Amino acid sequence: MAIRFYNTLTRKKEPFHPLEEGKVRLYTCGPTVYNQAHIGNFRTFLFEDVLKRFLTVRGHQVLHVMNITDVDDKTIRRSREEQVSLTELTTRYTNRFFADLKRLRIRPADRYPRATEHIGDMIATIQKLVERGYAYPTDDGSVYFSIQAFPGYGKLARLNLDQMQSTERIQSDDYTKDAPMDFALWKGWKPEDGAVAWDSPWGKGRPGWHIECSVMSTKYLGEEFDIHCGGVDNIFPHHENEIAQAECASGQGFARYWLHSEHLLIEGGKMSKSRGNFYRLDDVLKEGYPPEAIRYVLLNGHYRSKLNFSWDRLREATQVVKRVAGFYRRLMEIDPAYRPPEQLPLTPVGEAFLDALDDDLDVPEALAVFFDWMRKTNQELDHSQLSAEEVRRRLDTLFLVNEIMDWLPSETRTAIPVDVQELVEQRQQARTETDWAKADTLRERIRALGWEVKDTPKGPVVTPR
RNA sequence: GGCGUCGUACCCAAGUGGUCUAAGGGAGCGGUCUGCAAAACCGCGAUUCAUCGGUUCGAAUCCGAUCGACGCCUCCA
């Protein structure tokens with residue numbers, strides 16, 4: 001089956017064809033680095049990670065750009081509160097962000113452009129918009145985009161501009177502008193901005209939020225590119241405004257496919273920084289759950305459906321990930337020399353797995369294929385029906401799936417401590433003497449130390465609990 | 001007020017006109033194996049897809065109404 005994605009722009013699943021055969025240019029909205037991202041944010045980044053891995057496995061060369069928003073209202077406010085410079089604050093949280101990405105095994109983007117490093121590019125684009133009549137400066141040194149100058153405004157969010165009700169927030173906006181829906185491209189300096197200011201043709205100030213994405217995406221990916229991703233809450237106003245800015249500045253199309261991931265809910269409600277009902281990655285890891293389990297929880301569900309986070313689900317995920325790890329170890333025991341080849345062969349099961357993903361990244365369907373196969377393979381292993389060659393093929397399949405899911409335990413497993421090893425030996429001794437009570441007690445002690453001992457025909461196997 | 005999404009077993013979750021008397025996972029129960037366990041495997045588990053009505057030869061899938069949940073409408077992944 002050919003790859004199809006649900007495009008927010010058309011609200012339909014469409015066959016996916018990149019502009020240039022075999023190459024995909026991808027832009028994903030990155031974090032605003034004013035505090036640590038929560039796991040809801042990572043749901044989106046994980047979705048994008050799987051999207052990218054999938055496209056790569058399907059033979060596309062993906063060029064991925066993710067922005068870092070390091071200047072906006074929140075970053076400025078936060079740096080004032082903490083009495084540190086904007087750069088100090090944003091550097092701190094940018095580093096945290098990268099560390100979290102690594103822990104979740106999210107593959108890095110090719111570029112992470114920062115807003116503050118592209119002020120000149122943004123000013124140039126804003127100037128172009130003013131010259132072409134899409135934007136206008138105001139007395140306070142700001143520049144606004146005039147939405148009525150762009151007939152396409154509202155095409156992504158499907159807004160009915162006439163029936164829009166202006167909310168209190170718009171009315172209380174303390175910048176001056178012609179129409180309530182017009183949005184800022186450039187914000188004139190205000191005292192609370194402190195030292196955060198750049199010179200521009202309109203005086204001191206700083207860029208508006210939306211302009212950075214239009215400018216940086218087109219700078220690195222070209223004026224028209226393939227895929228733009230983000231959370232659903234970015235559809236309006238952020239992405240709508242990006243389209244307006246980019247299309248008016250270039251006179252061409254902008255992103256061709258818009259993919260939006262749904263929210264992670266907590267106790268049935270939206271998790272967001274402003275509500276304070278969120279967990280950070282640290283909050284979850286410190287409870288002892290492995291990163292693979294968190295990856296699994298956040299990926300186990302279609303990206304366009306809401307996903308409810310709970311500790312129950314995390315426990316469930318831990319079980320699943322353990323089961324997959326056990327399966328992996330079982331195969332590796334038969335063929336310890338196996339290493340996944342650079343170019344993994346496409347086995348029939350691997351193909352079925354990817355087939356499911358072809359349909360708008362249907363991860364649950366793909367996992368069903370995987371689990372079915374895993375059960376059958378375990379069955380074959382129980383009856384030792386597999387040849388060495390067949391085992392290698394199974395490992396190829398497992399690694400192909402892992403290329404997308406990345407849920408196998410890391411190779412750098414902690415070595416079994418000496419005291420645990422001694423207890424295991426003592427227990428073996430007790431077992432040969434058929435002193436079952438002693439053996440059971442020792443198993444409990446090993447367990448208390450965080451290790452699990454299983455008796456197999458080949459002897460005891462010790463794994464971390 | 002406008003726009004939109006969703007409601008499938010104890011829990012999570014695919015499927016969106018016939019192959020569905022509905023995948024897969026977790027939990028539970030019974031069994032094989034085991035000194036006992038663990039792991040793995042086998043079996044059990046929705047005649048039914050929020051409710052009601054309609055379209056159709058045929059609906060979980062389309063249409064309408066009702067109930068319920070959630071989101072967006074310039075902080076938001």
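Above: the structure in question.
The sections below set out a description of the structure shown in this document. Just so we're clear, the structure is a prediction, and the values are computed from it rather than from any experiment. (Residues numbered from 1 in each chain as written. Chains lettered and ligands numbered in written order. Predicted model: local features only at pLDDT ≥ 70, side-chain atom pairs only at ≥ 80, totals over all residues. Heavy atoms only, no water.)

Digging into the environment of Ile404
- Following the sequence through the fold, Ile404 ends up in helix H13 (residues 388-405).
- On the basis of relative accessible area, Ile404 is assigned to the buried category, the value being 1%.
- With 159 residues separating them along the chain, Ile404 and Gln245 place their C-alpha atoms 34 Å apart.
- The contacts of Ile404, once residues within four sequence positions are left out, are Val50, Arg53, Phe54, Val57, Arg295, Phe353, Leu354 and Leu357. (Helix = DSSP H or I, 4+ residues; strand = E, 2+ residues; numbered from the N terminus. Buried < 20%, exposed > 50% of the residue type's maximum accessible area, 1.4 Å probe, protein only. Contact = heavy atoms within 4.5 Å.)

What about the side chain of His210?
- For His210, the position within the fold is in the loop between strand E8 (205-207) and helix H6 (211-221).
- Looking at His210, its side chain comes within polar contact range of the side chain of His238, at 2.9 Å.
- Ignoring anything within four residues of it in the chain, the contact list for His210 reads Phe183, Pro237, His238, Asn241, Glu242 and Gln245. (Polar contact = N/O pair within 3.5 Å; in protein donor to acceptor, adjacent residues only side chain to side chain.)

Describing the side chain of Glu48
- Checked against the element boundaries, Glu48 lands in helix H1 (residues 39-57).
- Although Glu48 is buried, it makes no salt bridge; Lys52 carries the closest opposite charge, 8.7 Å away.
- The contacts of Glu48, once residues within four sequence positions are left out, are Thr28, Met66, Cys229 and Gly230. (Lys, Arg positive; Asp, Glu negative; His and termini not counted. Salt bridge = Lys/Arg side-chain N within 4 Å of Asp/Glu carboxyl O.)

Points about the pattern of salt bridges
- Summed over the entire model, instances satisfying the criterion amount to 37 salt bridges.
- Of the charged contacts, one joins Asp73 and Arg206 as a salt bridge, the two residues approaching to 2.8 Å between their closest N and O atoms. One end of the pair, Asp73, is in helix H2 (residues 73-82); the other, Arg206, is in strand E8, with 133 residues separating them in the sequence.
- Take Arg206: its relative accessible area is 4%, and that puts it in the buried class.
- With its nearest N and O atoms 3.3 Å apart, the salt bridge here joins Asp406 to Arg105. Taken together, the residues Asp406 in the loop between H13 and helix H14 (418-432) and Arg105 in the loop between helix H3 (86-103) and helix H4 (119-131) connect sequence positions 301 residues apart. Taken individually, Asp406 and Arg105 each receive the classification buried, so the pair is uniform in this respect.
- Here the salt bridges do not stand alone but share partners, grouping Asp49, Arg53, Arg105, Glu292, Arg295 and Asp406 into one network.

So, the packing of aromatic side chains
- Tallying each qualifying case throughout the model produces 28 aromatic pairs.
- Considering the side-chain rings of Tyr296 and Trp407, the 5.8 Å spacing of their centres and the 25° angle between planes classify their relative orientation as stacked. Taken as a pair, Tyr296 in helix H9 (residues 291-299) and Trp407 in the loop between H13 and H14 lie far apart in primary sequence, 111 residues in all.
- Residue Tyr296 is classed as buried on the basis of its relative accessible area of 6%.
- The ring of Trp189 has Lys204 lying over it, and the distance from NZ or CZ to the ring centre is 4.5 Å.
- For the cation-ring pair, Arg304 lies above Tyr6, with the distance from its terminal atom to the ring centre recorded as 4.0 Å. (Phe/Tyr/Trp six-rings, centres within 6.5 Å; stacked < 30°, edge-to-face > 60°. Lys NZ or Arg CZ within 6 Å of the ring centre and 35° of its normal.)

Considerations on the pairing of strand E1 (residues 4-7)
- Only one face of E1 is buried: it carries Phe5 and Asn7, and the other face, with Arg4 and Tyr6, is open.
- Examined bridge by bridge, E1 and strand E2 (residues 12-15) share 4 bridges and lie antiparallel to one another. Residue pairing across strands places Tyr6 opposite Lys13, the latter belonging to E2.
- Following E1, the chain reverses through 4 residues before pairing antiparallel with E2; Arg11 in that reversal takes a positive phi of roughly 55°. (Pairing = 2+ DSSP bridges.)

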